[in-house]
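Topology and contacts: notes
Listed below, chain by chain, are the residues.
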Amino acid sequence: KSLATKKIVFVLGGPGSGKGTQSGKLVKEFGAVHLSAGDLLRAHMKSGTPDGQMVADMIANGRIVPSHVTVTLLKDAMEASDKSLFLIDGFPRNEENRAAFEKQVMMERLLGRQEGRTDDNIETIHKRFKVFTEQSLPVVEHYEALSKVARIDAHRDPEEVYREVRRLFEEL
Ligand code: UP5
Ligand code: MG
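As a convention, each chain's residues are numbered from 1 in the sequence order in which they are written. By the order in which they are written, chains take letters starting at A while ligands take numbers starting at 1. Only residues with pLDDT of 70 or above have their local features reported here, since the model is predicted, and side-chain atom pairs are shown and tallied only from 80 upward, although totals for entire chains, interfaces and linings are computed over all residues. In computing side-chain properties, one takes all heavy atoms of the structure into account and sets aside hydrogens as well as water.

**A short note on the pattern of salt bridges**
A side chain with one charge may pair with a side chain of the opposite charge, provided their charged atoms come close. What counts, and what does not: Salt bridges are identified by distance alone: a Lys or Arg side-chain nitrogen within 4 Å of an Asp or Glu carboxyl oxygen. Each residue is assigned to one of three classes by its accessible area relative to the maximum for its type, calculated with a 1.4 Å probe on protein chains only: buried under 20%, partly exposed between the two thresholds, exposed over 50%.
Going through the model one piece at a time under the given rule, you end up with 13 salt bridges. Ionic pairing is found between R113 and D120, a salt bridge with its closest N-O pair at 2.9 Å. Using a relative accessible area of 27% as the deciding quantity, one classes R113 as partly exposed. Among the residues examined, D120 registers a relative accessible area of 13% and is labelled buried. A salt bridge links R128 to D120, with the nearest nitrogen and oxygen atoms 3.0 Å apart. Take R128: its relative accessible area is 26%, and that puts it in the partly exposed class. By sharing partners, the salt bridges in this structure join R113, R117, D119, D120 and R128 into a single network.

**Digging into helix α5 (residues 95-112)**
Our working rule: We count a stretch as a helix when DSSP gives it H or I for four or more residues in a row; a strand needs E for two or more, and each element gets its number in order from the N terminus. A helix is expected to span 1.5 Å multiplied by its residue count minus one. Pairing of N or O atoms within 3.5 Å defines a polar contact, subject to two protein rules: one partner must be a possible hydrogen donor and the other a possible acceptor, and residues neighboring in sequence count only if both atoms are side-chain atoms.
Here α5 spans 26 Å end to end across 18 residues, near enough to the 26 Å set by a 1.5 Å rise per residue. Looking only at α5, the buried set comprises N97, F101, Q104, V105, M107, E108 and L110. For α5, the capping residue at the N-terminal end is N94, with a side-chain oxygen 3.3 Å from the backbone nitrogen of E96.

**Examining the pairing of strand β3 (residues 85-89)**
Quick reminder of the rule: Two strands pair if DSSP finds at least two bridges between them.
In terms of burial, β3 is a largely internal element, four of the five residues being buried. Of the strand pairs in this sheet, strand β1 (residues 7-11) and β3 are connected by five bridges, and their pairing is parallel. Within β3, the position partnered with V11 by the bridge is D89. Pairing between strand β2 (residues 33-36) and β3: four bridges, direction parallel. Residue pairing for β3: H34 is matched across the bridge by L87.

Here it is in structure tokens:
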């Protein structure tokens, strides 16, 4: 099942703040799936994969594991489940984590598009993201500085997004 149809709650807080404890309670009451990024990384570290040692070193030093490793583990765990509510505990931990997770969602939408566009392949999509961030986002930021930009959360289904889009047009 695709990530786009899942409801995701990020459970964030400092070390020992009770992310795991509270998530466990939510699983019991709401049937959510609890995915602790730290637990997934610790299991990965022991799995004997080539980057296992790198993950072990990062964790031993309390550093943040590169996003591509964590995002892949989370994505695989979510796709393996038929549940729709996920508690992602301890992730995202920095801007790179957040951007990598969002990129994964956009990647999935583009790869899922049925039109067969020549630029909808993994390699070109990575390039399209890079160009967007480096060249196109500054245009948006320019207009944002002039208070001419409306930001809309696109992590929802098209009808929900449209409810917000149309409100902007009503105000024009
Ligand atoms: N406890 C809980 N609630 C309590 C309360 N209200 N009053 C009194 N005691 C309470 O709780 C910790 C302890 O406190 C328990 O004994 C509990 O009974 C008690 P817990 O629920 O386990 O807290 P939690 O917030 O889950 O603490 P945890 O240690 O798991 O937090 P961390 O953020 O440190 O650990 P995590 O596993 O998320 O990450 C570990 C490492 O993995 C990171 O340092 C990093 O190196 C790596 N990592 C990444 O690189 N990327 C990621 O995306 C995720 C992790
Ligand atoms: Mg924990």
